[in-house]
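Observations on chain architecture
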Protein chains: 2
Amino acid sequence: MKSKLISIGDEILIGQIVNTNASYLGERLYSAGVPVEKIVVIGDEESMLISELEDALNNYDVTIITGGLGPTHDDITKPVLVRFFNDELVKDEKVLEHVKKIFSDRKIEMPEINVEQAMVPKNSKVIWNELGTAPGILFERNGRIIMSLPGVPYEMKAMMENFILPYLESNLLKENKIFLKQKTLLTTGLGESSLFEKIGDIKSVIGEAKLAFLPSAEGVRLRINVKGERETETQKQLNEIEIKLREKIGKFIYGVNEDSLEKVIGKILRDMKKTLSVAESCTGGMISQKLVSIPGSSDYYLGGVCSYSNKEKINILGVKEETLKKYGAVSEATAIEMAEGVRKLTKSDYSISTTGIAGPDGGFPEKPVGLVWIGYSDSEISFAIDFSFGSNREINIRRASMRALEILRRKLLKTDLNFK
Amino acid sequence: MKSKLISIGDEILIGQIVNTNASYLGERLYSAGVPVEKIVVIGDEESMLISELEDALNNYDVTIITGGLGPTHDDITKPVLVRFFNDELVKDEKVLEHVKKIFSDRKIEMPEINVEQAMVPKNSKVIWNELGTAPGILFERNGRIIMSLPGVPYEMKAMMENFILPYLESNLLKENKIFLKQKTLLTTGLGESSLFEKIGDIKSVIGEAKLAFLPSAEGVRLRINVKGERETETQKQLNEIEIKLREKIGKFIYGVNEDSLEKVIGKILRDMKKTLSVAESCTGGMISQKLVSIPGSSDYYLGGVCSYSNKEKINILGVKEETLKKYGAVSEATAIEMAEGVRKLTKSDYSISTTGIAGPDGGFPEKPVGLVWIGYSDSEISFAIDFSFGSNREINIRRASMRALEILRRKLLKTDLNFK
């Protein structure tokens, strides 16, 4: 079983956007047992698409086309597919309803051109697009599957998760199954090479399996891939690798797979029936935004203050003018007073705070760009810890946000706060 | 003149890394007048590479292969190229020196396997790799150029900038130079199909040029591409298209190319020497975070309050309990009181606020998920406008953040607030 991806879009060819759709699809299809062997990116150009479709029908079990499904003049995927498969377009009333509803929900009059979105090839299956107006299309010919999806990432992903992966599972994969198991351990607070050193002899940990280190400003994801002929054995092997990794770097692992630090923390706070507030200076709202991104977070997240100027630190959070004068805004004392201030203001059980020099300017020798104090406060203790996150403003803000949440997670779980 | 990219690497196929090399190359080759028409990603697999090389020699002026040049067993690019071109490997003493020096500089003994790096095809040009051990290789046959570069991004980029782009300029492009000009207009507040309708007869606006619609939750980017034989004329044509588009959809355009709404607003506020504060409920800190992402934003952004619960709306922002009781948290009155509250609290010149039902739960018939009130306040006027942003929580938050900033931009520029 193997698959091919065809991405349609000039914006990828001229380097305006990075092909993240292909990465997502590559990863999902690999896990599903239909690994991608070829990715092709072309523009909205009929002859090139036709020749890629021929190659797809001849050589690949599954082909996924993304992009070129919009209603405007530069979108050619649907008409080309119709010609390639000698098909014809018919109106799908259910899709039309849905397109109309999307516009009426947003209180916008539907431009006439969108009726086109409801025209689908007669001899194909419609792939429902809950989040957008362009339906997906699925052709099946001689056991080969060719699917066309919109290029908008969140629409495409929802269609993969809700329809395509279950469809492949039940239609293609049940006969000739190789078991591919994958698990990603999410770490934060330690760099790639330090994790690598802590793990030590990789071979003795993973055996024949694969372990990939995927670093970002948020932390390093460790992806384990195991292959086998029997499901239980493959799963067992995966579990054993996870146990060995947790023995060596357990305290840096905050979650697995699709977890996020804010989701993990939300679950803990909800279980404890406790509440949280945040006072952000250098992170400017990113921590708050992460917390709010979790549905239902209003149960435990009371709110926050982005006290970007000193005046706000004093007026809203009650940081003492004296403290700011004596120690400066980026200091242990200020971070602590910010955390205590927001906790009192909101009457929350826990609070965290950040104050730092995000850069690129504003640093000086004893307080260089990248210095961030992270404060913590609960009913028993308040403290702050300093970190140096480097000179890039964006990376800095992302690292500081993660570190503040990680300190909170460790405090909630009563784990040690050492990041070595 | 057109080009093709071949990326070699399993890690791209399984979605472990995103193909950023292709974006970089796409952009550089486009600007250099050799636009990429096809990108292919394959694994370390001889037969697939051979067939891509045949396609390259038959159809493209320039082909760049990245990856698969390492010294280990799974790197096949060099041996396959040697077979494909009926060539043979010879030792390059200068490259060997360089490889040895790289190891001695890092005080590491050179593993014997690295001698292989200095073996290059006899009938090719070596592309010097100052930063790494794998040299690039350039074949030229019947006016077609095929180059092989390492996959390590910074090595590859240095080789492009220092050797390949100058080489293409002097060897290929001086005779048949075509000028390619590109500009992207950034819009927000109106969907793809509505913009399309407003523009009307596309042909009369763009002539032979290309216009691409690139939608996201933040808005629609309109990319104009113009091609011509003389530089001034091509630039003039681009300017004329921009003017025509601005006549039709000008008020939705907040910037061009690499602009962002927060950057544009920052510039206006700085020029006006005015200050801003933000009160966020449903957007939870995203607006604040966008503002803070701009270096130097502390000059005009005073801070914000993420009043995620009613208590915080009352305690911190001074929203009246009566207002919340009578109209609810998601209401015109609350949005206005939030904006006025944060403006008074921070003594800023301007303020914006958001309160809405982000979803997926929490909606009811007269206040469905996606309903967001956006408030605005300055020393002369306070008001709020309601929008319906649909049912997806993440999209909702992103749309509401953009819309609040766009309302502020229009007020600062005294443009009308109509989003139709």
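All figures in this text were calculated on a predicted structure; none of them were measured in a lab. (Residues numbered from 1 in each chain as written. Chains lettered and ligands numbered in written order. Predicted model: local features only at pLDDT ≥ 70, side-chain atom pairs only at ≥ 80, totals over all residues. Heavy atoms only, no water.)

Some remarks on the domain arrangement of chain A
When cut into domains, chain A gives domain 1 (3–171), domain 2 (179–256) and domain 3 (262–412). Computed from C-alpha atoms alone, the centre-to-centre distance between domain 1 of chain A and domain 2 of chain A is 34 Å. (Domains from an automatic or database assignment.)

Here we look at the packing of helix H10 (residues 261–272) of chain B against helix H15 (residues 393–412) of chain B
Residues and elements named next belong to chain B. With their axes 10 Å apart at the nearest point, H10 and H15 run at an angle of 35° to one another. In terms of crossing hand, the pair formed by H10 and H15 is left-handed. Mapping the contact onto sequence places Leu261, Glu262, Val264, Ile265, Ile268, Leu269 and Met272 in H10 and Met402, Leu405, Glu406, Leu408, Arg409 and Leu412 in H15. Along the lines of polarity and charge, the residues of the contact of H10 with H15 split into ten nonpolar, no polar and three charged. (Axes fitted to C-alpha atoms, helices over the stretch in contact; angles between N-to-C directions. Helix = DSSP H or I, 4+ residues; strand = E, 2+ residues; numbered from the N terminus. Left-handed = near helix turned anticlockwise from the far one by under 90°. Contact = heavy atoms within 4.5 Å. Nonpolar A, V, L, I, M, F, W, Y, C, P; charged D, E, K, R; others polar.)

With respect to the layout of surface pockets
Residue and element names in this part refer to chain B. Within this model, the second largest pocket holds a volume of roughly 590 Å³. At four residues, strand S11 (residues 219–228) tops the list of elements feeding residues into the lining of the second largest pocket. Its residues assigned to classes, the lining of the second largest pocket comprises eleven nonpolar, four polar and nine charged. (1 Å grid on protein atoms, 1.4 Å probe; cavity = no way out; pocket = protein on both sides within 12 Å on 5 of 7 lines; lining within 4 Å. Points joined across faces, edges and corners; volume = space filled by probe spheres on them.)

Details of unusual backbone geometry
Working note: non-glycine residues mostly have negative phi, and peptide bonds are mostly trans. Cis peptide bonds are those with omega within 30 degrees of zero, and the linkage from Gly359(A) to Pro360(A) qualifies with 0°. Here Pro360(A) lies in the loop between strand S15 (350–356) and strand S16 (371–377). Despite not being glycine, Lys107(A) shows a phi value in the positive range, around 55°. Assignment of secondary structure puts Lys107(A) in the loop between helix H5 (93–105) and strand S5 (119–121). Even without glycine at this site, Lys273(B) takes up a positive phi of about 55°. Within the fold, Lys273(B) resides in the loop between H10 and strand S13 (276–280).

Details of empty space enclosed by the protein
The full count for this structure, using the stated rule, is two cavities of 30 Å³ or more. Put simply, the largest cavity is a space of about 90 Å³. In this structure, the largest cavity is lined by 15 residues; those nearest its centre are Asn19(A), Ala22(A), Val41(A), Asn19(B) and Val41(B). Elements supplying a minimum of two residues to the lining of the largest cavity: helix H2 (20–31) and strand S2 (36–42) of chain A together with helix H2 (20–31) and strand S2 (36–42) of chain B. Of the residues that constitute the lining of the largest cavity, the class distribution is eleven nonpolar, four polar and no charged.

Describing the sheet that holds strand S8 (residues 144–149) of chain B
Strand order in the open sheet formed by twelve strands is S6(A)-S7(A)-S8(A)-S3(A)-S1(A)-S2(A)-S2(B)-S1(B)-S3(B)-S8(B)-S7(B)-S6(B), and the pairing between neighbours is mixed. Strands at the two margins of the open sheet, each flanked by one partner only, are strand S6 (125–127) of chain A together with strand S6 (125–127) of chain B. Averaged over neighbouring strand pairs, the angle between their axes works out to 15° when direction is ignored. Here S2(A) runs beside S2(B); their pairing, made up of five bridges, is antiparallel. Bridging across to S2(B), Ile39(A) finds its partner in Val41(B). Contacts from helix H4 (residues 77–84) of chain B reach strand S1 (3–8), strand S3 (62–66), strand S7 (136–141) and S8 of chain B within the one sheet, and its direction differs from that of S8(B) by about 155°. (Pairing = 2+ DSSP bridges.)

Quick word on the side chain of Thr184(B)
Assignment of secondary structure puts Thr184(B) in strand S9 (residues 179–187). Among the residues examined, Thr184(B) registers a relative accessible area of 6% and is labelled buried. Excluding residues that lie within four positions of it along the chain, Thr184(B) makes contacts with Gln16(A), Arg221(B), Leu222(B), Arg223(B), Gly255(B), Val256(B) and Asn257(B). (Buried < 20%, exposed > 50% of the residue type's maximum accessible area, 1.4 Å probe, protein only.)

Brief notes about the pairing of strand S10 (residues 210–216) of chain A
Residues and elements named next belong to chain A. The pairing of S10 with strand S11 (residues 219–228) spans seven bridges and is antiparallel. Directly across from Phe213, in S11, lies its bridge partner Leu222. Linking S10 to S11, which pair antiparallel, is a turn of two residues.

A look at the nonpolar core
One finds Tyr301(A), Ile199(B), Leu211(B), Phe213(B) and Tyr301(B) to be the most contacted residues of the largest nonpolar core, which totals 117 residues. Excluding residues that lie within four positions of it along the chain, Tyr301(A) makes contacts with Leu276(A), Ser277(A), Val278(A), Ser288(A), Leu291(A), Val292(A), Cys306(B) and Tyr308(B). Membership of the second largest hydrophobic core comes to 37 residues, among which are Ile65(A), Phe84(A), Phe85(A) and Val40(B). (Core = buried A, V, L, I, M, F, W, Y, C linked by side-chain atoms within 4.5 Å.)

Points about the pattern of salt bridges
Inspection of every chain in the model, using the stated rule, returns 44 salt bridges over all chains. For Lys38(B), the salt bridge is made with Glu52(A), and the minimal N-O distance between the two is 3.3 Å. In this pair, Lys38(B) is assigned in strand S2 and Glu52(A) in helix H3 (residues 46–59), connecting two distinct chains. For Lys38(B), a relative accessible area of 8% translates into the label buried. Judged by its relative accessible area of 4%, Glu52(A) is buried. Here Asp416(B) makes a salt bridge to Lys251(B), at a shortest N to O gap of 3.0 Å. (Salt bridge = Lys/Arg side-chain N within 4 Å of Asp/Glu carboxyl O.)

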